[in-house]
Amino acid sequence: MVQPHLIVLDLDGTLLTDEKVISEKTKRTILKAKEAGHEVMIATGRPYRASKIYYHELGLHTPIVNFNGAFVHHPLDQNWQTVHKPIDLKVVQEVVESLNRDQFENLVAEVMDDVYVQYHDEKLLNIFSMGDPKVTTGALKDYLKDNPTSLLIQSNEKNVPIIRKYLADTKAELMDHRRWGDPFPVIEIVRHGLNKAIGLSHVAKKLGIPRDRIIAFGDEDNDLEMIDYAGVGVAMGNGIGQLKNIANEITTSNNEDGIAEVLIDRLHLSR
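### Topic: empty space enclosed by the protein
Summed over the entire model, instances satisfying the criterion amount to two cavities of 30 Å³ or more. Quantified by volume, the largest cavity comes out at close to 40 Å³. Along the walls of the largest cavity sit Asn68, Asp176, Arg178, Glu188, Val190, Leu194 and Asn195, which together make up its complete lining. Looking at the lining of the largest cavity, the elements with two or more residues in it are strand S10 (175–179) and strand S11 (186–191). The residue inventory of the lining of the largest cavity, partitioned by class, reads two nonpolar, two polar and three charged.

Listed below in structure tokens is the structure:
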């Protein structure tokens, strides 16, 4: 009998195929793991509104980590202690004011499920429209009045390292930043000291599951701390090299049921 484990799933590039669905084999294997007494949770950079469809598809009853650790809550338990740590509005305003217009293409701030977009852009809005959020278009300095959960800077390949260097040199103690892997160059900013591992550790303690019984799956740089924290950190075959270098195990890609293969092997589940 395998002791109860906590299975932690990133979404894009990990649990989801390139078509943004959960494959039948992976879904079937995760449900078998749940039936065997293991806990399953999601840890994603997405807001809850854009991840709840998968939460419900898997029939989860666990807390969820959203915004890369800036928002941790339990969708089914109002008494669970929610964690929400947004960025100070003044700091965001300083960053926005420091950017030259030729350095970025757009700015997006999210206050939980409210979205603020500097310039109207259908392609960008399609990404943020999942879950039907309230969207406000216009200058962030005029419309953003609350501390945002996250700030996104859409730029180009040439300016991304320049902006990230500025953030590292001037705001390192106030905010952390990542680069999106796709579909275009975006710098995602959250409050300093937050990452998926922080959110995961909070949930694991509440569930009473030690680190050595955590199996976490990821593919991008926003999964680095989580993969390092977990007892078994698994990098997807399609993951970045930096993640594969620190992972305990490398599985097949998100399109090849990489999650299912590891769970079948490690938790002795039937195929």
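### Topic: the sheet that holds strand S7 (residues 114–117)
Strand order in this open sheet of six strands is S8-S7-S6-S9-S11-S10, and the pairing throughout is mixed. Every interior strand has two partners, whereas the edge strands, strand S8 (134–137) and S10, have only one. Here the strands of the sheet are splayed against their neighbours by 20° on average, with no regard to which way each runs. The pairing of strand S6 (residues 106–111) with S7 spans four bridges and is antiparallel. Following the sheet pairing, Val111 is matched in S7 by Asp114. In this fold helix H4 (residues 89–98) packs onto S6, strand S9 (150–154) and S10, with an angle of close to 10° to the strand it touches most, S9. Helix-sheet contacts for helix H7 (residues 160–170) involve S9, S10 and S11, and the interaxial angle to S10 is about 165°.

### A closer look at the nonpolar core
Proteins that are soluble and globular tend to have nonpolar side chains buried together. Grouped together as the largest cluster of nonpolar side chains are 32 residues, with contacts concentrated most on Ile7, Leu9, Leu15, Ile215, Phe217 and Leu263. Those elements giving two or more residues to this core turn out to be strand S1 (6–9), helix H1 (11–15), helix H2 (24–35), strand S2 (39–42), helix H3 (52–57), strand S12 (214–218), strand S13 (232–235) and helix H11 (258–266). Broken down by element, this core gets its largest block of residues, four residues, from H11. Residues within four places of Ile7 in sequence aside, it is in contact with Ala33, His38, Glu39, Val40, Met41, Ile215, Phe217, Leu263 and Leu267.

### Let's talk about H11
Given 3.6 residues per helical turn, the α-helix brings residues three or four places apart onto the same face. Every buried residue belonging to H11 is among Gly258, Ile259, Ala260, Val262, Leu263 and Ile264, and all of these are buried. Buried-residue contacts for H11 involve S1, H1, H2, S12, S13 and strand S14 (249–250). The first or second residue beyond H11 is His268, which carries a positive phi of 55°.

### Some details on the packing of aromatic side chains
What the rule picks out here adds up to two aromatic pairs. On the numbers, 6.3 Å between centres and 20° between planes, the contact of Phe104 with Tyr119 is stacked. Linking Phe104 in the loop between H4 and S6 with Tyr119 in the loop between S7 and helix H5 (122–128), this pair joins segments that are 15 residues apart in sequence. The buried category is assigned to Phe104, whose relative accessible area is 7%. Residue Tyr119 is classed as partly exposed on the basis of its relative accessible area of 30%.

Conventions we followed
Residues numbered from 1 in each chain as written. Predicted model: local features only at pLDDT ≥ 70, side-chain atom pairs only at ≥ 80, totals over all residues. Heavy atoms only, no water. 1 Å grid on protein atoms, 1.4 Å probe; cavity = no way out; pocket = protein on both sides within 12 Å on 5 of 7 lines; lining within 4 Å. Points joined across faces, edges and corners; volume = space filled by probe spheres on them. Helix = DSSP H or I, 4+ residues; strand = E, 2+ residues; numbered from the N terminus. Nonpolar A, V, L, I, M, F, W, Y, C, P; charged D, E, K, R; others polar. Pairing = 2+ DSSP bridges. Axes fitted to C-alpha atoms, helices over the stretch in contact; angles between N-to-C directions. Contact = heavy atoms within 4.5 Å. Core = buried A, V, L, I, M, F, W, Y, C linked by side-chain atoms within 4.5 Å. Buried < 20%, exposed > 50% of the residue type's maximum accessible area, 1.4 Å probe, protein only. Phe/Tyr/Trp six-rings, centres within 6.5 Å; stacked < 30°, edge-to-face > 60°.

Shape is all these values report; function is a separate question.
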